[in-house]
Amino acid sequence: MQGSVLALAYRPQKGAKMELSDSLELSPKSGVCEDYSTHRKRQISFLDITAWDEACRELGTKLPWYFRRANVLVNGLHLQELKGKTVQVGDTIIEIRGEVTPCHVMDSIHPGLKNALIDEWRGGAYGKILSSGVIHIGDKIIVD
């Protein structure tokens, strides 16, 4: 299975809107280096474009993908099939650890968005960065 990176984003500070970027620097210690906050387990998040589009269709609207507050927009992958696997993105290795559970913030963006993201991992997946590097828009995502 192989996918690709369509877009990248990060949150520069607490409460800030997501900023789009052509690349992101990743580190096992810092997560997404440009991002305000990272957790040990949840250092980076992925969102599948098809799943996002399905959620928006269900709501009868079209919202920018970065409203989901994910770092990496991808296509060509079924995120739920990647749990527990490692992926290579550019020159970095990331372990996909689980599903991003949508929170109440999604409903503040658009009524019903939280529920629209619950099914089939529409909210995305999170991972732990295993090796440092830089990822770029257009990078291939290779499942190990």
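See above for the structure.
Below, the structure is looked at part by part. Please read these numbers as outputs of a predicted model, since none were measured by experiment.

### Overview of the side chain of Ser 4
Okay, so step 1: The topology assignment puts Ser 4 in strand β1 (residues 2-10).
Okay, so step 2: A distance of 2.6 Å separates a polar atom in the side chain of Ser 4 from a polar atom in the side chain of Asn 75.
Okay, so step 3: Those residues in contact with Ser 4 that lie beyond four places of it in its chain are Leu 73, Val 74, Asn 75, Asp 139, Lys 140 and Ile 141.

### A word on the pattern of salt bridges
Okay, so step 1: Within this structure, the stated rule accounts for four salt bridges.
Okay, so step 2: Arg 122 is the partner of Glu 54 in a salt bridge, and the nearest nitrogen-oxygen pair spans 3.9 Å. Pair noted here: Glu 54 is in helix α1 (residues 49-59) and Arg 122 is in the loop between α3 (113-116) and β9 (125-129), with a separation of 68 residues, a long-range link.
Okay, so step 3: Taking the relative accessible area as the measure of exposure, Glu 54 reaches 28% and is therefore partly exposed.
Okay, so step 4: Linking Glu 95 and Arg 97 is a salt bridge whose minimum nitrogen-to-oxygen distance equals 3.3 Å.

### Some remarks on the environment of Trp 121
Okay, so step 1: For Trp 121, the position within the fold is in the loop between α3 and β9.
Okay, so step 2: In the structure, Trp 121 is positioned 69 residues away from Trp 52 in sequence and 9.8 Å away in space, judged by C-alpha atoms.
Okay, so step 3: Ignoring sequence-local partners within four residues, the contact set of Trp 121 consists of Leu 79, Gln 80, Lys 83, Gly 98 and Glu 99.
Okay, so step 4: There is a polar contact of 3.4 Å between the side chain of Trp 121 and the side chain of Glu 99.

Definitions and limits used
- Residues numbered from 1 in each chain as written.
- Predicted model: local features only at pLDDT ≥ 70, side-chain atom pairs only at ≥ 80, totals over all residues.
- Heavy atoms only, no water.
- Helix = DSSP H or I, 4+ residues; strand = E, 2+ residues; numbered from the N terminus.
- Polar contact = N/O pair within 3.5 Å; in protein donor to acceptor, adjacent residues only side chain to side chain.
- Contact = heavy atoms within 4.5 Å.
- Salt bridge = Lys/Arg side-chain N within 4 Å of Asp/Glu carboxyl O.
- Buried < 20%, exposed > 50% of the residue type's maximum accessible area, 1.4 Å probe, protein only.

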